[in-house]
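Breakdown of the fold
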Amino acid sequence: MAGQTISDRLLAARHSIAGQGLAKSVCKATTEEMIGPKKKHLDYLIHCTNEPNVSIPQMANLLIERSQNTNWVVVFKALITVHHMLCYGNERFTQYLASSNSTFQLSNFLDKSGVQGYDMSPFIRRYAKYLNEKALSYRTVAFDFCKVKRGKEDGTLRTMNAEKLLKTLPVLQAQLDALLEFDCTANDLTNGVINMAFMLLFRDLIRLFACYNDGIINLLEKYFDMNKKQCRDALDLYKKFLIRMDRVAEFLKVAENVGIDKGDIPDLTKAPSSLLDALEQHLASLEGKKGSAANTPTQTASNRTNVKSGVSALSSTSTAFGTAANNTRLDSHTGSNGIDESLKQQALAEEEAAMNQYKAKVSSPTASSTNPFLSSPISGGAPVSQSQPIVDLFGSPTNAGLDSMQATKASDDLLQLSGNPFADMFGGGAVAPAPPVAAPAPAQDMWLSNGFGSAPAAGAGAFVSDQSFSSVFGAADAGSGELQASLPPGRRGAAQRCSAASRRSPAAGRGARGAAAAPLGCAAHFLYILPFTCVACW
């Protein structure tokens with residue numbers, strides 16, 4: 001399954017059209033694409049949790065609604081998004097989930113669409129159970145164990161009184177049990193979705209066990225000051241702590257096999273077995289069992305010494321887990337789909353170096369022979385001359401260009417467009433007009449003579465001279481009489497009538513077809529050059 005599906009795109013487009021930006025971001029973060037939710041969508045949702053005008057219930061309900069999908073990828077990514085917001089978002093989101101009755105009802109989830117759906121469904125059920133337990137623990141103790149202060153000086157569980165500590169540690173144990181029940185191996189981490197979920201669980205495990213270890217240390221330090229009932233509860237909690245310590249060690253081995261840096265995995269130092277014996281002997285002395293040797297002062301001092309040695313061993317574990325919890329590299333792992341920031345910077349540096357090498361290779365002198373987009377030598381192997389002229393579309397013509405223009409015939413440039421018409425437009429200077437070229441005189445042009453005489457030769461530099469034009473078409477009204485006198489006798493009357501009509505009404509002389517012949521009278525009509533010239537002749 002590569003890329004977003006059509007249903008993802010349609011759903012996002014529907015939210016965009018409706019103007020639901022929050023719903024669109026939730027949809028984008030929980031697509032069917034088999035990778036973890038993208039960082040840009042998670043960052044936007046985290047930013048929304050800090051905005052006072054954003055409805056936290058609406059956001060949580062949208063994510064819960066996406067977790068009801070039948071596709072395991074969508075459900076898994078919805079749970080990952082919720083977990084990410086519980087870790088990095090505003091506490092208002094955690095408070096709403098803790099106070100809301102709408103939890104993740106995925107205890108019977110099963111995706112039957114494929115083999116991978118069958119394989120991932122158990123992890124989805126366990127993951128949902130952990131998130132429900134995480135919200136329940138916040139409802140019980142009113143704080144998040146992963147965000148409380150840790151350490152000897154001001155740690156929340158390290159400075160807690162005995163009575164409250166005995167009530168808090170079972171809640172922490174329940175949340176830790178739900179996390180360890182995820183129970184995945186390195187072979188199960190086969191895609192980016194479950195990998196991101198594992199990284200978030202690993203982050204929570206480090207912080208939870210750091211708090212758990214601080215609470216046990218505080219419990220051991222107060223053990224000899226407790227009453228009989230409290231000592232019994234404390235001893236039971238310590239025995240459970242030893243069991244969970246072994247399970248945490250197994251989880252850390254999986255993390256190491258997956259590829260998490262060993263520097264990010266804390267060292268787990270176990271307490272000596274003599275510590276458990278000392279606690280049991282002290283409880284036996286309080287209960288007054290027969291045959292117990294714990295009532296002697298020597299044995300009591302020995303038990304206290306064993307407890308101190310055990311506390312020292314647990315303190316080293318607390319320091320290691322506290323350092324790992326404060327390591328920001330874990331946050332970079334979970335925020336970038338498992339990509340280490342240092343590796344990312346190294347990859348970018350290598351890519352930049354390769355690009356610089358390619359640019360240097362392209363700009364080298366030898367690159368012209370291999371790059372088809374650079375200037376290639378002329379066929380024959382001769383290099384391109386640096387003095388080779390470049391076509392100038394907007395410049396004035398050169399002298400060589402003018403000479404070539406002069407050699408052409410006049411009929412090839414009837415409109416006198418020789419030269420560059422763009423030169424004047426772009427400031428190239430005035431274009432020198434082409435010199436007049438003598439056109440070859442026609443033998444006998446029937447259109448000019450029309451059978452009434454030979455046409456005079458055209459003047460130089462023009463198609464016809466002014467004198468020849470006037471002799472054919474007439475100069476003006478004054479020259480119309482001379483033109484009529486030169487006509488045959490049979491046509492002089494019609495010419496006079498037409499000329500008179502044109503003088504009375506210039507518009508009538510323009511003819512039925514709109515020919516502008518009024519200034520010339522109708523002499524052209526009788527020469528058969530402009531047929532149907534005027535109404536009078538028609």
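Residues numbered from 1 in each chain as written. Predicted model: local features only at pLDDT ≥ 70, side-chain atom pairs only at ≥ 80, totals over all residues. Heavy atoms only, no water.

An unreviewed UniProt entry annotates the protein as ENTH domain-containing protein of Gryllus longicercus. UniProt lists a comment for the protein under the heading Sequence similarities (unreviewed entry), and it reads "Belongs to the PICALM/SNAP91 family." According to its UniProt record, the protein has this under Subunit (unreviewed entry): "Binds clathrin and phosphatidylinositol 4,5-bisphosphate." (UniProt positions renumbered as here; feature names shortened; annotations may be inferred.)

Turning our eyes to something else, we now look at the packing of aromatic side chains. In this structure the tally under the stated criterion is eleven aromatic pairs. Between the aromatic rings of Y127 and F182, the centroid separation amounts to 6.1 Å while the plane-to-plane angle is 70°, which identifies the pairing as edge-to-face. In this pair, Y127 sits in helix α7 (residues 115–141) while F182 sits in the loop between α8 (162–180) and α9 (192–221), placing the two residues 55 residues apart along the sequence. F182 gets classed as buried once you look at its relative accessible area, which sits at 1%. Ring geometry for Y223 versus F224: centroids 5.7 Å apart, planes at 85°, classification edge-to-face. Summarising the burial analysis for this pair, Y223 and F224 share the class buried. (Phe/Tyr/Trp six-rings, centres within 6.5 Å; stacked < 30°, edge-to-face > 60°. Helix = DSSP H or I, 4+ residues; strand = E, 2+ residues; numbered from the N terminus. Buried < 20%, exposed > 50% of the residue type's maximum accessible area, 1.4 Å probe, protein only.)

Summed over all chains, the structure comprises 14 salt bridges. Here D43 and K39 are joined by a salt bridge, their closest N and O atoms 2.8 Å apart. Of the two residues, D43 and K39 are both situated in helix α3 (residues 39–49); the distance of four residues between them amounts to about one turn of the helix. Residue E221 is joined to R158 by a salt bridge in which the shortest nitrogen-to-oxygen separation is 3.9 Å. (Salt bridge = Lys/Arg side-chain N within 4 Å of Asp/Glu carboxyl O.)

Looking now at empty space enclosed by the protein. This model, assessed by the stated rule, comprises three cavities of 30 Å³ or more. Of the pockets and cavities examined, the second largest cavity occupies roughly 60 Å³. Along the walls of the second largest cavity sit Q4, K28, T31, E33, I35, G36, P37, K38, H41 and K77, which together make up its complete lining. Partitioning the lining of the second largest cavity into residue classes produces two nonpolar, four polar and four charged. (1 Å grid on protein atoms, 1.4 Å probe; cavity = no way out; pocket = protein on both sides within 12 Å on 5 of 7 lines; lining within 4 Å. Points joined across faces, edges and corners; volume = space filled by probe spheres on them. Nonpolar A, V, L, I, M, F, W, Y, C, P; charged D, E, K, R; others polar.)

If you look at the biggest cluster of nonpolar residues, it comprises 104 residues, and the most contacted ones within it are F76 and F93. Top element by residues in this core is α9. It accounts for 20 residues. Beyond its immediate chain neighbours, meaning those up to four positions away, F76 contacts M120, F123, I124, Y127, F182, V193, I194 and A197. (Core = buried A, V, L, I, M, F, W, Y, C linked by side-chain atoms within 4.5 Å. Contact = heavy atoms within 4.5 Å.)

Bringing the side chain of T94 into the picture now. Position of T94 among the secondary structure elements: in helix α6 (residues 91–99). By relative accessible area, T94 is classed as buried at 6%. Leaving out residues up to four positions away in the same chain, T94 has contacts with L86 and Y138.

Here helix α10 (residues 228–258) crosses helix α11 (residues 273–287) at 160°, and the two axes come no closer than 10 Å. On the basis of the axis angle, α10 is roughly antiparallel to α11. The handedness of the crossing between α10 and α11 comes out as left-handed. Contact residues: K228, C231, R232, L235, Y238, K239 and L242 in α10; L275, L276, L279, E280, H282, L283, L286 and E287 in α11. Its residues placed into classes, the contact of α10 with α11 shows nine nonpolar, one polar and five charged. (Axes fitted to C-alpha atoms, helices over the stretch in contact; angles between N-to-C directions. Parallel < 35°, antiparallel > 145°, perpendicular 65-115°, else oblique. Left-handed = near helix turned anticlockwise from the far one by under 90°.)

Attention now goes to unusual backbone geometry. Backbone phi values are negative for most residues with the exception of glycine, while trans is the configuration of most peptide bonds. Look at A142: it is not a glycine, yet its phi comes out positive at around 65°. Relative to the helices and strands, A142 resides in the loop between α7 and α8. Judged by its relative accessible area of 55%, A142 is exposed.

A word on the packing of α7 against α8. Where α7 meets α8, the axes come as close as 8 Å, and the angle between the chain directions of the two elements is 170°. As judged from the angle between their axes, α7 and α8 are roughly antiparallel. Together, Y130, E133, K134, S137, T140 and V141 of α7 and T168, V171, A174, Q175, A178 and L179 of α8 make up the contact between the two elements. Residue composition of the contact of α7 with α8, grouped by class: six nonpolar, four polar and two charged.

As a further point, take the side chain of N213. Structurally, the position occupied by N213 is in helix α9. The exposure class of N213 is buried, given its relative accessible area of 0%. There is a polar contact of 2.6 Å between the side chain of N213 and the backbone oxygen of L314. Contact partners of N213, with chain neighbours within four places excluded, come to F241, L314, T317 and S318. (Polar contact = N/O pair within 3.5 Å; in protein donor to acceptor, adjacent residues only side chain to side chain.)

On to the environment of K134, then. Considering the arrangement of structural elements, one finds K134 in helix α7. In this structure the C-alpha to C-alpha distance between K134 and V171, which are 37 residues apart in sequence, comes to 9.6 Å. Setting aside residues no more than four positions away along its own chain, K134 makes contact with L86, D144, C146, Q175 and D204.

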